[in-house]
Amino acid sequence: LVSLYTFGVSHADLSSLPTTPWDNLTELEITYSKEKITFDQIMAIWERFPSLEHLRLDPCSDIRSALLITDYYPYMNNLDIKISSGADITYNEKVTPSDDIGITHLALDSIFEPFEQHMDVNSILKRYHNTLEQITLNMGLDTDNTDIYTIQYPRLKRLYLNSPVWW
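Residues numbered from 1 in each chain as written. Predicted model: local features only at pLDDT ≥ 70, side-chain atom pairs only at ≥ 80, totals over all residues. Heavy atoms only, no water.

Side note on the overall build of the protein chain
When helices and strands are tallied, the protein chain shows three helices and eight strands. Traced from its N-terminal end to its C-terminal end, the protein chain shows the element sequence β-β-α-β-α-β-β-β-α-β-β. Looking at the protein chain residue by residue over its 167 residues, the buried ones come to 46%. The contacts of the protein chain with a sequence gap of at least 6 include a subset with a gap of at least 24, amounting to 67%. Within the structure as shown, the protein chain displays about 8,800 Å² of accessible surface, and the carbon and sulfur contribution to it stands at 49%. (Helix = DSSP H or I, 4+ residues; strand = E, 2+ residues; numbered from the N terminus. Buried < 20%, exposed > 50% of the residue type's maximum accessible area, 1.4 Å probe, protein only. Contact = heavy atoms within 4.5 Å. Areas by Shrake-Rupley, 256 points an atom, 1.4 Å probe, with all protein chains shown as cover.)

Have a look at this one:
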């Protein structure tokens, strides 16, 4: 089995599966889960599927996993987050991997404002600012946080804005 796509499962709890890694699985999507996917469930997925090149999880209860993805999958360089009643998060290796570990392409989209604290994307911008080459932003940001104004993006080549932000 190299690809697994699920739709509308009741939950993403893999604790009943053996912890033996499934090395052949490279694509996994769990979408429209009836219960929000928790950070602990995401960690269990990462432990069991070490060879993933594409991972989509929807809805996630928060976006903390986006801060750790390159710790577990250093070759993943594309991160797409859509925030609604939960977070639809897609991680993948979309472009040629570079020597640097980090997200090079980031897309952020939301239909809700203001954002709840657990969906704060400023921390993602801070985490990957040195490796980002492309940002697509379809959401507002927490501009009350003054740290956001001082972030530098030394490798940024493309910036797509569809929102009023500090730029």
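More follows now that the structure is in view.
Quick notes on the environment of serine 33
If you trace the backbone, serine 33 turns up in the loop between β2 (27-31) and α1 (39-48). Serine 33 gets classed as buried once you look at its relative accessible area, which sits at 6%. Discounting chain neighbours no more than four positions away, the residues touching serine 33 are Val9, Ser10, His11, Ala12, Asp58 and Pro59. A distance of 2.7 Å separates the side chain of serine 33 from the backbone oxygen of glutamate 35, its partner in a polar contact. (Polar contact = N/O pair within 3.5 Å; in protein donor to acceptor, adjacent residues only side chain to side chain.)

Section: the sheet that holds strand β8 (residues 158-161)
Working definition: the strands of a sheet are paired by backbone hydrogen bonds and lie parallel or antiparallel to each other. Taken in spatial order, the eight strands of this open sheet run β1-β2-β3-β5-β4-β6-β7-β8, and their pairing is mixed. The sheet is open, and its two edges are formed by β1 (3-7) and β8, each paired on a single side. The mean inter-strand angle of the sheet, taken between neighbouring strand axes irrespective of direction, is 5°. Here strand β7 (residues 134-138) pairs with β8 via four bridges, running parallel. (Pairing = 2+ DSSP bridges. Axes fitted to C-alpha atoms, helices over the stretch in contact; angles between N-to-C directions.)

Quick notes on the environment of isoleucine 124
Within the fold, isoleucine 124 resides in helix α3 (residues 122-128). For isoleucine 124, a relative accessible area of 0% gives the class buried. Sequence-wise, isoleucine 124 and leucine 67 are 57 residues apart; in three dimensions their C-alpha atoms are separated by 6.1 Å. When residues no more than four places from it in sequence are discounted, the contact partners of isoleucine 124 are Ile63, Ala66, Leu67, Leu79, Ile81 and Leu106.

Comments concerning the pairing of strand β5 (residues 87-92)
With six of six residues buried, β5 lies mostly within the body of the structure. Residues Ala87, Ile89 and Tyr91 line one face of β5 and the alternating positions Asp88, Thr90 and Asn92 line the opposite face, and both faces are buried. Looking at chain direction, strand β3 (residues 54-60) and β5 are connected through five bridges and run antiparallel. Within β5, the position partnered with histidine 54 by the bridge is asparagine 92. Hairpin connection of strand β4 (residues 78-83) to β5: three residues between the antiparallel strands.

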